[in-house]
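Here's the letter readout for the chains.
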Amino acid sequence: MALLTGPLPLIPPSGSLSAGAAEPRIVALGGGHGLSASLSALRLLTTELTAVVTVADDGGSSGRLREELGVLPPGDLRMALAALCDDTDWGRTWRDVMQHRFTSRPGITGSLDSHAMGNLLIVTLWELLGDPVSGLQWAGALLGARGQVLPMASVPLTIEGDAVEISADGSRQRTTITGQASLALAGEVENVRLLPADAPACVEALTAIELADWVVLGPGSWYTSVLPHLLLPELRQALCDTPAKRCITMNLDINDKEATGMNAADHLRVISRYAPEFSVDVVLADPSSVSDLPDFERAASMLGAEVVFGKVGASGGRAVHDPLRLAAAYQDLFSA
């Protein structure tokens with residue numbers, strides 16, 4: 001006797017945004033929750049969307065897979081794919097599948113503990129296809145993702161920096177911290193760098209940046225998710241050479257652990273210091289995150305940028321970007 005199942009959900013058709021003018025080609029760069037925030041907004045505006053994602057994560061499930069299998073850390077790539085899922089039954093289901101983490105029953109320590117299903121799926125595709133970009137394309141097709149996800153480099157990267165501590169006599173002591181997971185918790189950091197310093201950038205990412213109408217950098221952890229794109233030589237050159245307009249989206253929570261003691265203007269000065277040749281058209285910020293407006297505008301002017309303020313945070317005082325508010329702010333920028 002045949003077993004009957006209900007009808008399978010249909011994959012939502014791509015390109016279902018409103019017809020009319022050509023959709024803008026947008027490249028969003030970052031990692032983790034910050035990139036997910038920008039993608040959740042940008043996918044409402046265009047399907048011509050490319051996420052270029054950091055590949056320096058060495059913690060949690062990603063770190064274990066990277067160490068055990070020698071692959072790119074899949075976690076930030078997974079989060080980007082999940083953010084591009086449609087707000088339909090299909091999209092929400094696959095988003096939840098990708099983000100699901102395994103937990104063994106009480107008293108058992110299992111090999112799958114804390115692994116995200118999406119990480120395992122992505123690594124499976126990489127092993128079967130032998131190519132990270134093709135594997136991400138297949139994963140995106142399965143999810144019905146609005147856009148594509150690419151790694152920033154074709155090899156795993158290690159991020160390193162100097163943590164600064166003030167000793168009892170007031171002198172500054174520096175300790176080298178290696179690894180994204182550790183650096184993110186190190187407090188005040190300096191001299192951030194990538195290893196290998198001359199790693200090859202993802203060719204498809206370079207092409208997407210060259211052909212973009214807009215490049216969006218941030219929000220996200222400033223030293224470990226935003227800055228790395230400007231530390232990789234080939235990627236930094238592409239970001240400087242592209243004819244696209246460039247937007248930096250500021251964080252809502254300025255004082256995360258790796259940016260201890262920094263204000264919003266200091267975040268922009270970090271970009272100027274590490275990539276003085278990189279110019280920006282617009283800096284988008286929520287007014288609640290800027291405490292010293294003149295200082296912030298001076299820092300933006302060092303990048304050649306205009307400051308645009310918009311209420312883009314979620315209601316209730318949480319330091320989380322609201323996708324609809326952020327999408328509206330981006331729409332105003334792109335159509336100006």
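Everything numeric in this text was worked out from a predicted model, so none of it was measured.

(A) Structural view of the pattern of salt bridges. Per the stated rule, a full pass over the model turns up 14 salt bridges. Linking Asp86 and Arg146 is a salt bridge whose minimum nitrogen-to-oxygen distance equals 2.3 Å. Linking Asp86 in the loop between helix 3 (75-83) and helix 4 (89-99) with Arg146 in the loop between helix 6 (132-143) and strand 3 (148-151), this pair joins segments that are 60 residues apart in sequence. The same class applies to Asp86 and to Arg146, which are both buried. Measuring nitrogen to oxygen at the nearest pair gives 2.8 Å for the salt bridge that ties Arg174 to Glu190. Note that Arg174 is positioned in strand 5 (residues 172-178) and Glu190 in strand 6 (residues 189-195), a separation of 16 residues in sequence. Connected through shared salt-bridge partners, Arg172, Arg174, Glu188 and Glu190 make up one network.

(B) Inspection of the packing of aromatic side chains at higher detail. On inspection of all chains with the given rule, the structure shows four aromatic pairs. Between Trp214 and Phe334 the ring centres are 5.0 Å apart and the planes differ by 45°, which places this aromatic pair in the tilted class. Placement of the pair is Trp214 in strand 7 (residues 214-217) and Phe334 in helix 14 (residues 323-335), with a sequence separation of 120 residues. This pair shows no difference in class: Trp214 is buried, exactly as Phe334 is.

(C) Just the layout of surface pockets, in detail. Quantified by volume, the largest pocket comes out at close to 920 Å³. Lining the largest pocket are 37 residues, and of these Gly31, Gly32, His33, Gly34 and Ser221 sit closest to its centre. Counting residues per element, the lining of the largest pocket draws most heavily on helix 1 (residues 32-42), which supplies six residues. Grouping the constituent residues of the lining of the largest pocket by class yields 10 nonpolar, 19 polar and eight charged. Quantified by volume, the second largest pocket comes out at close to 250 Å³. Together, 14 residues line the second largest pocket, and Ser36, Ser40, Ala82, Ala83 and Arg95 are the ones closest to its centre.

(D) Molecular detail of the sheet that holds strand 5. One open sheet accounts for three strands, arranged 5-4-6; its pairing is antiparallel. With one partner strand each, in any of the chains shown, strand 5 and strand 6 form the two edges of the open sheet. Averaged over all pairs of adjacent strands, the angle between strand axes in this sheet comes to 20°, irrespective of strand direction. Strand direction decides the pairing type here: strand 4 (residues 158-166) and strand 5, joined by seven bridges, are antiparallel. For Ile166, the partnering residue across the bridge sits in strand 5 and is Arg172.

Criteria and thresholds
- Residues numbered from 1 in each chain as written.
- Predicted model: local features only at pLDDT ≥ 70, side-chain atom pairs only at ≥ 80, totals over all residues.
- Heavy atoms only, no water.
- Salt bridge = Lys/Arg side-chain N within 4 Å of Asp/Glu carboxyl O.
- Helix = DSSP H or I, 4+ residues; strand = E, 2+ residues; numbered from the N terminus.
- Buried < 20%, exposed > 50% of the residue type's maximum accessible area, 1.4 Å probe, protein only.
- Phe/Tyr/Trp six-rings, centres within 6.5 Å; stacked < 30°, edge-to-face > 60°.
- 1 Å grid on protein atoms, 1.4 Å probe; cavity = no way out; pocket = protein on both sides within 12 Å on 5 of 7 lines; lining within 4 Å.
- Points joined across faces, edges and corners; volume = space filled by probe spheres on them.
- Nonpolar A, V, L, I, M, F, W, Y, C, P; charged D, E, K, R; others polar.
- Pairing = 2+ DSSP bridges.
- Axes fitted to C-alpha atoms, helices over the stretch in contact; angles between N-to-C directions.

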